[in-house]
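Summary of the model geometry
So the chains spell out like this:
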Amino acid sequence: MYHHDKHLKAYIDKLNKILSDYPGYQNLSLKEIIENLSSFPQNIRTDLRNNAGGVFNHKLYFDIINPKKTGKEPINITNAIIKQYKDFGEFVKIFKQQANEVFGSGYLFLTINKFNELQFVITANQNSVFELNLYPIMLIDLWEHAYYLDYQNRRSDYINNFVKIVNLEKVEERYVNYFNDK
Ligand SMILES: [Fe+2]
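Residues numbered from 1 in each chain as written. Predicted model: local features only at pLDDT ≥ 70, side-chain atom pairs only at ≥ 80, totals over all residues. Heavy atoms only, no water.

Here the structure, examined in full by the defined rule, presents 7 salt bridges. A salt bridge links Asp47 to Lys14, with the shortest nitrogen-to-oxygen separation between them at 4.0 Å. Of the two residues, Asp47 is situated in helix 3 (residues 42-64) and Lys14 in helix 1 (residues 2-20); the sequence distance between them amounts to 33 residues. Owing to a relative accessible area of 32%, Asp47 belongs among the partly exposed residues under this scheme. (Salt bridge = Lys/Arg side-chain N within 4 Å of Asp/Glu carboxyl O. Helix = DSSP H or I, 4+ residues; strand = E, 2+ residues; numbered from the N terminus. Buried < 20%, exposed > 50% of the residue type's maximum accessible area, 1.4 Å probe, protein only.)

Four donors placed tetrahedrally about a metal ideally form angles of 109.5 degrees, and six donors placed octahedrally ideally form angles of 90 or 180 degrees. The iron ion binds to the protein through His3 (NE2), His58 (NE2), Asp141 (OD) and His145 (NE2), with metal-donor distances spanning 1.9 to 2.2 Å. Written as a sequence motif, the donor arrangement for the iron ion is H-x54-H-x82-D-x3-H. Of this pair, His3 sits in helix 1 while His145 sits in helix 6 (residues 144-151), placing them 142 residues apart in sequence. (Donors = N, O, S within 2.8 Å, 3.2 Å for Na, K, Ca; no water.)

Let us now look at the packing of helix 4 (residues 75-85) against helix 5 (residues 88-101). Taken N-terminus to C-terminus, the directions of helix 4 and helix 5 make an angle of 80°; their axes are 8 Å apart at the nearest point. Taken together, the axes of helix 4 and helix 5 lie roughly perpendicular to each other. Contacts between helix 4 and helix 5 involve Ile81, Ile82 and Tyr85 on the former and, on the latter, Phe88, Glu90, Phe91 and Ile94. Its residues assigned to classes, the contact of helix 4 with helix 5 comprises 6 nonpolar, no polar and 1 charged. (Axes fitted to C-alpha atoms, helices over the stretch in contact; angles between N-to-C directions. Parallel < 35°, antiparallel > 145°, perpendicular 65-115°, else oblique. Contact = heavy atoms within 4.5 Å. Nonpolar A, V, L, I, M, F, W, Y, C, P; charged D, E, K, R; others polar.)

Turning next to the domain arrangement of the protein chain. Under the domain assignment, the protein chain is made up of domain 1 (2-64) and domain 2 (75-181). Here domain 1 and domain 2 have C-alpha centroids that lie 21 Å from each other. Counting residues at the interface gives 19 residues for domain 1 and 25 residues for domain 2. Summing both sides of the interface, domain 1 and domain 2 together bury roughly 1900 Å²; the carbon and sulfur share of this comes to 64%. (Domains from an automatic or database assignment. Buried area = accessible area lost by both parts, 1.4 Å probe.)

The side chains of a regular strand alternate between the sheet's two faces. Where burial is concerned, most of strand 1 (residues 106-112) is hidden: 7 out of the 7 residues are buried. Side-chain alternation along strand 1 places Gly106, Leu108, Leu110 and Ile112 on one buried face and Tyr107, Phe109 and Thr111 on a second face that is also buried. One ladder, built from 7 bridges, connects strand 1 with strand 2 (residues 118-124); its direction is antiparallel. Across the sheet, Leu110 pairs through a bridge with Phe120, a residue of strand 2. Adjacent in sequence and paired antiparallel, strand 1 and strand 2 are bridged by 5 residues, among which Asn116 carries a positive phi angle near 65°. Across 6 bridges, strand 1 lies against strand 3 (residues 135-141) in antiparallel orientation. Opposite Leu108, over in strand 3, you have Ile140 as the bridge partner. (Pairing = 2+ DSSP bridges.)

See the structure below:
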């Protein structure tokens, strides 16, 4: 709750403050802001990258650990994972390995690349994978603020437990939306 109510809220408040001086930009989506950073005034680009990224990344983070389930089998993402990583256990193993390799404040994302393949990517700070032309469908927040209160320095315990609560239905939703929106 601290992560959601304090950290995410701080990014939202800061982004709203930046955009309060630019009414013309207020109807843009977070994705549109991130993808078009170069069209914004130079003096607000860094703040926009950090805060629009911070809001987007956290919203995705909390969305994919939302415990509400419909019971609908996440068939498409499961098949894509098995096709690419041979079996689900291997996919989870790679996810944990990569997450443990993140150095400093950042994220591990699972994305869809331009070849419609699944691709892991590590980003620093609140940078967004939209800037890399990748579409995010899952991520883990590896900033210390994400786990320090509960786990202190035991980051791998946080990663192991995070994997257990990911709602694959949400990842499926994003996976399917990507292909529907194309
Ligand atoms: Fe965070």
